[in-house]
Amino acid sequence: MPYRLAALCGAFFASIALSACSAGDAEPAAPQQRLPSVEVANPLVQEVADWDEFTGRFESPQHVSIRARVSGYLEEVHVRDGDTVEAGALLFTLDRRPYEAAYQAARGRAQMARATASQAEADLQRAEELRAVDAVSEENLEQAQTALANARASLATAQADAEAARLNLEFTEIRAPIAGQLSARTVDPGDLVQGSTAQGDPLITIVSSDPLYFPFYASESVLLRYQRSSGTGQGAPVEVRLQDEADFSRSGEIVFVDNQIQPGSGTILMRAEIANPDGFIRPGMIGTIRVRGSEPYDALLVPRTAIVADATRRLVYVVGEGDTVTPRQVTLGPTSDNLQVIQSGLSPSDRVIVGGLQAVRPGVTVTTRPGQIQREAAATDVTASLNRPAGTARVTD
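Residues numbered from 1 in each chain as written. Predicted model: local features only at pLDDT ≥ 70, side-chain atom pairs only at ≥ 80, totals over all residues. Heavy atoms only, no water.

Asks: Give a detailed account of the overall build of the protein chain, specifying residues and quantitative values.
Replies: Across its full length, the protein chain carries 5 helices and 24 strands. Across the 397 residues in the protein chain, those meeting the buried criterion constitute 34%. Considering only contacts in the protein chain between residues 6 or more positions apart, those separated by 24 or more positions represent 78%. For the protein chain, the accessible surface area stands at approximately 23,300 Å², while carbon and sulfur atoms represent 50% of it. (Helix = DSSP H or I, 4+ residues; strand = E, 2+ residues; numbered from the N terminus. Buried < 20%, exposed > 50% of the residue type's maximum accessible area, 1.4 Å probe, protein only. Contact = heavy atoms within 4.5 Å. Areas by Shrake-Rupley, 256 points an atom, 1.4 Å probe, with all protein chains shown as cover.)

Asks: Quick one: what's the story with the nonpolar core, residue by residue and with numbers?
Replies: Taken as a class, soluble globular proteins show a tendency for nonpolar side chains to be buried jointly. Counting residues in each nonpolar core, the largest one holds 37 residues, and the members touching the most others are Leu91, Phe92, Leu94, Ile174, Leu182, Leu203 and Ile206. Secondary structure elements with two or more residues in this core: strand E6 (90-94), helix H2 (97-132), helix H3 (138-170) and strand E10 (204-207). Residues Phe214, Ala218, Leu223 and Ala236 belong to the second largest nonpolar core, which totals 21 residues. (Core = buried A, V, L, I, M, F, W, Y, C linked by side-chain atoms within 4.5 Å.)

Asks: Run through the environment of glycine 356, naming residues and quoting values.
Replies: Among the secondary structure elements, glycine 356 is positioned in the loop between strand E22 (352-355) and strand E23 (367-370). Here glycine 356 falls in the partly exposed class, since its relative accessible area comes to 29%. A C-alpha to C-alpha distance of 6.8 Å links glycine 356 and serine 37, two positions 319 residues apart in sequence. With residues up to four places along the chain from it excluded, the contact list for glycine 356 reads Ser37 and Val38.

Asks: With reference to specific residues and values, describe the sheet that holds strand E3 (residues 63-66).
Replies: Spatial strand order, E3-E10-E8-E5: 4 strands in an open sheet with antiparallel pairing. Since the sheet does not close on itself, it has two edges, and those belong to E3 and strand E5 (84-85), each with one partner. Relative to E10, strand E8 (residues 180-182) runs antiparallel, the two being bridged by 2 bridges. Pairing of leucine 182 across the sheet is with isoleucine 206, part of E10. (Pairing = 2+ DSSP bridges.)

Asks: Account for the side chain of aspartate 52, with residues named and values stated.
Replies: Structurally, aspartate 52 can be placed in strand E2 (residues 44-57). For aspartate 52, a relative accessible area of 8% translates into the label buried. Here arginine 225 takes part through its side chain, which lies 3.1 Å from a polar atom of the side chain of aspartate 52. Within the local environment of aspartate 52, its side chain forms a polar contact with the side chain of tyrosine 226, the two groups lying 2.7 Å apart. (Polar contact = N/O pair within 3.5 Å; in protein donor to acceptor, adjacent residues only side chain to side chain.)

The structure is reproduced here in structure tokens:
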């Protein structure tokens, strides 16, 4: 009996030890996994208008190559290279003396012809009086009439020659036909200038700089959209910026739309007129112009960072019932600063994920915290923006 009791006690304590060891070797229970946390916000609703962007060069409305109308030695230069001049300003003077002499000679011939015509008028008057009393023959009267006609024709020719000589004398003073800025001249005093030829080198060129033209080419689809929407196309407001500027600081309007589509490119020429009172913009400079391409409309906007690319599709993630993440395919409109216009695929009540997007995937459950969609002026990479696709949207005033 003592022996069996001792064996039972030993087995009991061994089982307790084994249970303790088993409990010590067991793995602890895994803690509950935390749900991803994201920021959500309803799309921003604002009234915007679409603006199309085009790149081109500024052009002068008037570009004139100044050439002499008469030949002669250049006597004096009255302007400096690069001057801004008014219309009619004296630029160059040629040697006047040969043309002064020719003008005086032509005036003398005109005076002689005038005297001859006066004498012929008197002779005809006497012939008519004598013919009335039958003192001269009809033939003599006709000769007097012919002499007067010839004298008057000679007088008209002499007067025309005198006027041509006067014009040639006037042309020795070369004046600016338009207001604008001069280029560098190609002649100096003492040079022989060849006139009355379009093949000769220009003495100087002059371009007008206020206003300037900005020609650009729009596609047929853009033209159709402009024609179907009032307030766009010809007469529509435009804004421009230079290639080193971030802001569209200058304004103008479209003043010309060509009368046909270019068959090869499927585009049409449009031209905007831009005020340039300070002369800062020079013809030939590159610029970017944006044209209002739509009437104002209410748009849904989300941050551009909330847009996800999936092959050819564009998606945003929304949080639906049960705080489950659902991808939503959207159609994008133009950009508006740091925001993106959504043309279709969203409603104003959708909860769009605007923060913590990297931690989610379709179908997962998330915890949400309120976010906010704010407009910020987008930093512009000027070099890259010259080649970016056209299309922006601006909040209407």
